[in-house]
Amino acid sequence: MMIQIITEKKGPNDFLCINDLVQDLAIQHSGDYNIEWKDRNHNAWNKRFKTEHYKNITIQEYDASHPAYYLVTMPHTIDRFNTIWARFLTQDTINILKQHNIPILLSQPLEHTHDYIDVGQNNLNRLDHKIMSLDTLLSSKGLNTNNIAIHGISKVHRQPHNLNQRKIFDIFSTEFLNQGKFYLDQDNSHYNSLVKFEDHIKYENIKSKTFIFLNRLLRDIRCLSALKLTPYLDKGVFTFLGIDIGQELTKDELKERIELICNVSNVPEEKDKITTFLRNFPYKMHLDDTDNQRLNHIINQQRREVYYELVAETHDMNIFDKDISILSEKILWPILNHLPFLVIGHRRNHEFLRDLGFKTFEHLFLNNNDHRYAGTDVREFLTSLEQAVNHYNNLGCNIEFYKSLEEDLKFNFNHLVNTDWFKTESEWLIANQSI
């Protein structure tokens, strides 16, 4: 079934939603022309509008016989839930949204959007004040019952929130999963570098490393994981660029930052490894600074030499203990290269991957009764991670064990590149339209 996505204006190749109009006004008055996220949002949605699953319409073209959402793209990551756009809704738009109770879709398809929840609350029951302010503002315009969907690459594992007369819920963006087929086609056309299962068998003699573990941007969990795995790094293909806010930190700056991370995370004992860890910093490969998590044929060649991948997923340490998942383009690469993987990231990531239909491998790294890796204690997580790597290095880093994973590895590859992920996403939207 096709779903209608309502915007304020549309053209043959692009659209304008209400936040675009507001941002254009802001640019006229401020001269600040930072539209990076506007372009990303538009590129993502224009891809959807070229499929049979989504139809871009204006408010005047709304057809009540088909499901619909009113699209509000979010052009910033900071203050993304600013409510200014709601003050600029025209009366014609308000009338149709009210008459048909059309839900509102707040969308940033390439970013995590879990911050619609006040994550300071242990049970995730409290919404962020910006969402509550939006509810109040919409209600003042007569839009009391329109549900609000939050669209991004994070998934909050709980039932929808009830906020007065409306529901607030999230819809996972399949933007990056959809890119799996794109990267496969791109690689087939230019490099032929993605490693097939049979290639791993063929290259048995050059498998001199255990894992591949890529780190470009500075994130707390990546720093702590790299420190914990310092004794194992020479056995793996490892990168750590230490980039923060677009700049590569010096050794001294990074040392100070990692010490702070250890203290704040209450694992001061890990600071003993910092000097050893920084001895070879930065850990780099060719084009790693620009194409770390894009199609990089040099890195794919390195994947021929290893038996598994540690995926340093997008992570927010402030919600380490929350029932949240974040999945980005980083999860694509072990799947496209037929490698088993262990995700370093949010505690429900492996579970969510299974919900999406993928096979996961954490049971090969961890004992069945070991819940520390998906637990809420940072120190226990790090201990579990080190034990998991040590266990798999001893158990799984041989070609016979790798061969035993053939069915699951090929299943994941085919599931990624053959699933119509935009169709899946549209079905979630339709199913939640009238919850």
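Figured I'd write up the structure that's included with this text. (Residues numbered from 1 in each chain as written. Predicted model: local features only at pLDDT ≥ 70, side-chain atom pairs only at ≥ 80, totals over all residues. Heavy atoms only, no water.)

1. A closer look at the sheet that holds strand β9 (residues 161–163)
Consider a sheet: its strands pair through backbone hydrogen bonds, and that pairing is either parallel or antiparallel.
For step 1, the next point in the chain: Pairing within the open sheet is mixed, and its seven strands lie in the order β4-β1-β5-β6-β7-β10-β9. With partners counted over all chains shown, the strands left at the sheet margins are β4 (54–58) and β9, one partner each. With strand direction ignored, the average angle separating the axes of adjacent strands in the sheet is 30°.
For step 2, the next point in the chain: Of the strands in this sheet, β6 (104–107), β7 (148–152), β9 and β10 (166–172) are in contact with helix α5 (residues 129–140), which crosses β10 at around 125°. (Pairing = 2+ DSSP bridges. Helix = DSSP H or I, 4+ residues; strand = E, 2+ residues; numbered from the N terminus. Axes fitted to C-alpha atoms, helices over the stretch in contact; angles between N-to-C directions. Contact = heavy atoms within 4.5 Å.)

2. Observations concerning the pairing of strand β14 (residues 308–312)
For step 1, the next point in the chain: A large share of β14 lies buried, amounting to five of its five residues.
For step 2, the next point in the chain: What you see with β14 is no split at all: Y308, L310 and A312 on one side and E309 and V311 on the other are buried throughout.
For step 3, the next point in the chain: Pairing between β14 and strand β16 (residues 341–344): four bridges, direction parallel. Its bridge partner lying in β16, L310 is registered against L342. (Buried < 20%, exposed > 50% of the residue type's maximum accessible area, 1.4 Å probe, protein only.)

3. Considerations on the layout of surface pockets
For step 1, the next point in the chain: Here the second largest pocket defines a volume of roughly 380 Å³.
For step 2, the next point in the chain: Lining the second largest pocket are H112, L218, R219, D220, I221, D244, R257, I261, H315, D316, M317 and N318.
For step 3, the next point in the chain: Breaking the lining of the second largest pocket down by element, the ones donating at least two residues are α8 (220–228) and α9 (251–264).
For step 4, the next point in the chain: Within the lining of the second largest pocket, the residues separate by chemical class into four nonpolar, three polar and five charged. (1 Å grid on protein atoms, 1.4 Å probe; cavity = no way out; pocket = protein on both sides within 12 Å on 5 of 7 lines; lining within 4 Å. Points joined across faces, edges and corners; volume = space filled by probe spheres on them. Nonpolar A, V, L, I, M, F, W, Y, C, P; charged D, E, K, R; others polar.)

4. Concerning the nonpolar core
For step 1, the next point in the chain: Of all hydrophobic cores here, the largest spans 117 residues; its most connected members are W85, L106, F240 and F277.
For step 2, the next point in the chain: Among residues more than four places away in sequence, those in contact with F277 are A226, L227, T230, L233, F238, F240, I258 and Y283.
For step 3, the next point in the chain: By size, the runner-up hydrophobic cluster in this structure holds 14 residues, among which are I3, L71, L105 and A149. (Core = buried A, V, L, I, M, F, W, Y, C linked by side-chain atoms within 4.5 Å.)

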